[in-house]
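What the coordinates show
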Amino acid sequence: MKYFIASDIHGSEYYCKKMIESYEKENADKLVLLGDILYHGPRNDLPKDYAPKKVIELLNPLKNKILAVRGNCDTEVDQMVLSFPILADYAIISEGRRMIYLTHGHNFNENNLPPLADGNILLHGHTHVPKCVEHEKYIYMNPGSVSIPKEESHHGYMILENSTFIWKDFEGNVIKEYR
């Protein structure tokens, strides 16, 4: 299974198109969205080409390929217009012997851990900063942001395939790799 993992689209039609183009080039099986899909949020500036209705039109045809969790900017109103579930606070996938706990990051994060066993991975967005931090008992990862990267990071996503995580920008450049 090849996962394309992205977070924090924040209603940007421009970057949602780039994300979908990259998803198709990667030929991934699943598009994992770690929240904040339509709304930009009160702490963020408007992203390039802010057009939530266009983002809806772009994502709904992919409904059978998407696994999404709820971000702090996602609401029941958003669920009314999106054809795939977005209101789960977390999801769990397994990769080999590891459990990967998917969440947005506003509730569960490095400062407030979900139930993790030794060696598990906490994977969330929310901060808009790509990360890979090995802690004593778990690993924290973040794909960064599709539309509003912070701390001078790139617009991008993450691929998970064969127990390898790869962070990429929308030009396809590999930024980081973790096995």
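Above this text is the structure in question.
Residues numbered from 1 in each chain as written. Predicted model: local features only at pLDDT ≥ 70, side-chain atom pairs only at ≥ 80, totals over all residues. Heavy atoms only, no water.

1. Observations concerning the pattern of salt bridges
Pairs may arise between side chains of opposite charge once their charged atoms sit close together. Within the structure shown, the criterion is met by six salt bridges. One salt bridge in this structure joins Glu 26 and Lys 2, with 3.3 Å as the shortest N-O distance. Highlighted residues: Glu 26 in helix H1 (residues 13-26) and Lys 2 in the segment before strand S1 (3-6), separated in sequence by 24 residues. Put simply, Arg 179 and Glu 177 hold a salt bridge, and the shortest N to O gap is 2.7 Å. With relative accessibility at 69%, the residue Arg 179 sits in the exposed group. (Salt bridge = Lys/Arg side-chain N within 4 Å of Asp/Glu carboxyl O. Helix = DSSP H or I, 4+ residues; strand = E, 2+ residues; numbered from the N terminus. Buried < 20%, exposed > 50% of the residue type's maximum accessible area, 1.4 Å probe, protein only.)

2. Let's talk about the environment of Asp 36
You can see Asp 36 is positioned in the loop between strand S2 (30-33) and helix H2 (52-59). What makes Asp 36 buried here is its relative accessible area of 2%. Through-space distance from the C-alpha of Asp 36 to that of Asn 72 is 6.5 Å; in sequence the pair is 36 residues apart. The contact partners of Asp 36, leaving out residues within four places of it in the chain, are Asp 8, Ile 9, His 10, Gly 71, Asn 72, Cys 73, Asp 74 and His 104. A polar atom in the side chain of Asp 36 sits 2.8 Å from the backbone nitrogen of Cys 73. (Contact = heavy atoms within 4.5 Å. Polar contact = N/O pair within 3.5 Å; in protein donor to acceptor, adjacent residues only side chain to side chain.)

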